[in-house]
Amino acid sequence: MPDPDLTELATQAYVYGFPLVFNLNQVQRYVHEGVGANPAAPFNTFSHARTMAGPADTFVTINNDTVYSMAQMDLSVGPVLLHVPDTAGRYYVLQFVDAWTDNFAYVGHRATGTAAGDFLLVPPRWSGRAPDDTTVIEFPTRVASIVGRWACAGADELPIVTTLQDATTLTPLDSEAAPAGIDRPATSDSPAMAFFDELRLWSREFPGAERDRPLQESFTPLGINADQPITATDPTIAQALADGYARGEAVLQKVLTSGGNSPFVNGWKQTFHVFDFNLDFFGVGTLDDPRFKIADPKVRIVERAASAAGGLWGNHAYEAAYIMTYIDDRGEQLTGSRTYTLHLDPTPPVGAFWSITMYDVPNFFMVDNPIDRYSVGDRTPGIVYEDDGSLVITISHTEPDDATARANWLPAPAGDFRPVLRMYEPAPDVLDGAYRTPAITRSEP
């Protein structure tokens, strides 16, 4: 018979460990397989996309505003020198994300400017001496990700971006050292056993914040802190882990669709603070500010897991603010069988740029469409503004007949969908709620 206490504990362990497990599997995916336009690249080297993302990039909520440069870092080799070129004012950001998905540093337009610069990336508790004229960025975990985004308004700007990508380099100070990589646990036919064994192994290899240590230790009855594989556990615990895995998945799905701790405004989930779970690691370009910290420990753990599931490697809102919606002005699920409009009056106030991107449900991938348009924003060629400067976006699966509606058309999939509005370097009015995005309005009964 299942033990309800152990099942509840396993559910908590799933939510706690999901970001680490999901994230490190994506790290390995980039290293060994690549993702869409980003080819596979070894640790401590950049994988540069040479095109803007599209449906082939099967990565949750990937954007279509920028060209990606990804680097999976393993500082078992010791310090690595990062060089960034002068972008002459072009927006870019290099976001640093540790194994537990904490955003712990930023380099780029907002954080450090767009002049050329050198940064020394060092492992946890490093105590060496940095070369002159370098800025040190200490990693909370040995393995972490650099998520680079380069503003690109269209194919004609790709050659400029490619030149900047190629001038962005990573150079280990010890050229002979080999990365240790990420150990894999024993294989299992059970997704639950595989998940919890990855959590067991990786939480030891990549310890999280010290404040989470008591929570980690509370999972000892499940075998998560043991030396032996989870697959060797007794049947009662195995059943609890299986049930906890299923319940944990349900918890994340509920949070993703119901909004969790994020408020709704006109049907839009205001996810300005879902990436505020980092309370401990504030490097270059981050804001150690109570406005961007989730104080409640239970909320913090749940939001961290949901953010990984629905938008892995998302930025803090002060870098890029994200809002999303599943519903129309009548509170019903958005679907390609209907036509909608979004009247932005005024358009979002930003220091860089904004866009609204279309994703399917439940995968949150972009979807093929006949005009190869996956987002509409202030840099979209040919969009038509109203006389008062506002913008009416038509959202539908079927191409509109009206010429203006076609110019401003955001194609939708045939089934359910979830648009995401991104605002890069949002103005204070966005973050304090003074700017309110209107509901998506259904155009027919």
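All residue numbers refer to position in the chain's written sequence, counted from 1. With the structure being a predicted model, the display of local features is reserved for residues of pLDDT at least 70 and the display and counting of side-chain atom pairs for 80 or more, all residues being used for whole-chain, interface and lining totals. Excluded from the side-chain calculation are hydrogens and water; included are all heavy atoms of the structure.

(A) Region of interest: the nonpolar core. Leu24, Phe196, Leu222, Trp313, Ile393 and Ile395 are the most contacted members of the largest nonpolar core, which totals 99 residues. What makes two residues a contact is simply this: any of their non-hydrogen atoms within 4.5 Å. Once residues within four sequence positions are removed from consideration, Phe196 is found in contact with Ala10, Ala13, Tyr14, Ile224, Ile230, Leu241 and Tyr245. Only buried Ala, Val, Leu, Ile, Met, Phe, Trp, Tyr and Cys residues count toward a nonpolar core, and they belong to the same one when joined by side-chain atoms within 4.5 Å. Classification of residues uses two cut-offs on accessible area relative to the type maximum, computed with a 1.4 Å probe and protein chains only: under 20% is buried, over 50% is exposed, and between them is partly exposed. Membership of the second largest hydrophobic core comes to 29 residues, among which are Phe46, Tyr92, Phe104 and Val107.

(B) Here's a closer look at a negative patch on the surface. A surface patch of negative charge is lined by Asp345, Glu386, Asp387 and Asp388. Looking at where Glu386 falls in the secondary structure, it is placed in the loop between strand 17 (375-377) and strand 18 (391-396). Its relative accessible area of 35% is what places Glu386 among the partly exposed residues. Patch rule: a residue counts if its relative accessible area is over 30% and it has no salt bridge; like charges are joined within 9 Å, and nonpolar side chains (Val, Leu, Ile, Met, Phe, Trp, Tyr) within 5 Å. Method for areas: the Shrake-Rupley scheme with a 1.4 Å probe, in which residue coverage is limited to the protein chains shown. Salt bridge, as applied in this entry: a Lys or Arg side-chain nitrogen positioned within 4 Å of an Asp or Glu carboxyl oxygen. For the purpose of charge, His is not counted, nor are the chain termini; Lys and Arg are scored as positive and Asp and Glu as negative. For the purpose of locating charges, the reference atoms are NZ of Lys, CZ of Arg, CG of Asp and CD of Glu. Put simply, DSSP marks the helices as runs of H or I at least four residues long and the strands as runs of E at least two long, and each gets a number from the N terminus on.

(C) A look at the sheet that holds strand 11 (residues 169-172). In this description, strands pair whenever DSSP reports at least two bridges between them. Strand order in the open sheet formed by four strands is 9-8-5-11, with mixed pairing between adjacent strands. At either margin of the open sheet sits one strand with a lone partner, and together these are strand 9 (135-138) and strand 11. For this sheet the average axis-to-axis angle between neighbouring strands, irrespective of direction, equals 25 degrees. Summarising the sheet, strand 5 (residues 80-84) and strand 11 pair through four bridges and their orientation is antiparallel. By the bridge assignment, His83 is partnered in strand 11 with Thr169. For helices, the fitted line uses only the C-alpha atoms of the stretch in contact; every axis is such a line through C-alpha atoms, and the angle between N-to-C directions lies from 0 to 180 degrees.

(D) Structural context of helix 3 (residues 191-205). The span expected for a helix works out to 1.5 Å for each residue beyond the first. The end-to-end C-alpha separation of helix 3 is 21 Å, in line with the 21 Å expected for 15 residues at 1.5 Å each. Residues of helix 3 that are buried: Ala192, Met193, Phe195, Phe196, Asp197, Glu198, Leu199, Arg200, Leu201, Trp202 and Ser203. Buried residues along helix 3 sit against helix 1 (4-32), helix 4 (213-217) and helix 5 (235-258).

(E) Here's a closer look at empty space enclosed by the protein. Grid points spaced at 1 Å and placed over the protein atoms alone form the basis of the search, with a cavity being a set where a 1.4 Å probe fits but cannot get out and a pocket an open set showing protein on both sides within 12 Å along at least five of seven lines. Lining residues have an atom within 4 Å of a point. Grid points are joined across faces, edges and corners, and a volume is the space filled by probe spheres set on the points. The tally for this structure, following the rule as stated, stands at seven cavities of 30 Å³ or more. Taken as a whole, the largest cavity spans an internal volume of roughly 320 Å³. In this structure, the largest cavity is lined by 29 residues; those nearest its centre are Thr61, Phe275, Gly310, Gly311 and Leu312. Of all the secondary structure elements, the ones that give two or more residues to the lining of the largest cavity are strand 4 (66-74), strand 10 (143-151), helix 5, helix 6 (297-311), strand 14 (320-324) and strand 20 (420-424). The greatest single-element share of the lining of the largest cavity, amounting to five residues, is contributed by helix 6.

(F) Focus on the environment of Asp280. Mapped onto the elements of the fold, Asp280 is located in the loop between strand 13 (268-270) and helix 6. Among the residues examined, Asp280 registers a relative accessible area of 33% and is labelled partly exposed. Leaving out residues up to four positions away in the same chain, Asp280 has contacts with Ala209 and Arg211. For Asp280, the side chain forms a polar contact with the side chain of Arg211, separated by 2.8 Å. A 3.5 Å cut-off defines polar contacts: any pair of N or O atoms within that distance qualifies, except that in protein one atom must be a possible hydrogen donor and the other a possible acceptor, and neighbouring residues in sequence count only when both atoms are side-chain atoms.

(G) How the structure looks around the sheet that holds strand 19 (residues 409-411). Strand order across the open sheet formed by four strands is 19-18-15-21, with mixed pairing between neighbours. Strand pairing shows two members of the sheet lacking a second neighbour, strand 19 and strand 21 (441-442), which therefore form its edges. Looking at chain direction, strand 15 (residues 340-344) and strand 21 are connected through two bridges and run antiparallel. From the neighbouring strand, Thr341 faces strand 21, where its bridge partner is Thr441.

(H) Quick look at the UniProt feature "domain: DUF1254" (unreviewed entry) in the chain. UniProt positions are given in the numbering used here, feature names are shortened, and annotations may be inferred rather than shown by experiment. In the UniProt entry, the feature "domain: DUF1254" (unreviewed entry) is given for residues 43-172. Span residues 43-172 is 7% helix and 41% strand, its end C-alpha atoms 11 Å apart.

(I) Highlighting the side chain of Gln28. Here Gln28 shows up in helix 1. Beyond its immediate chain neighbours, meaning those up to four positions away, Gln28 contacts Glu33, Ile182, Arg184 and Trp202.

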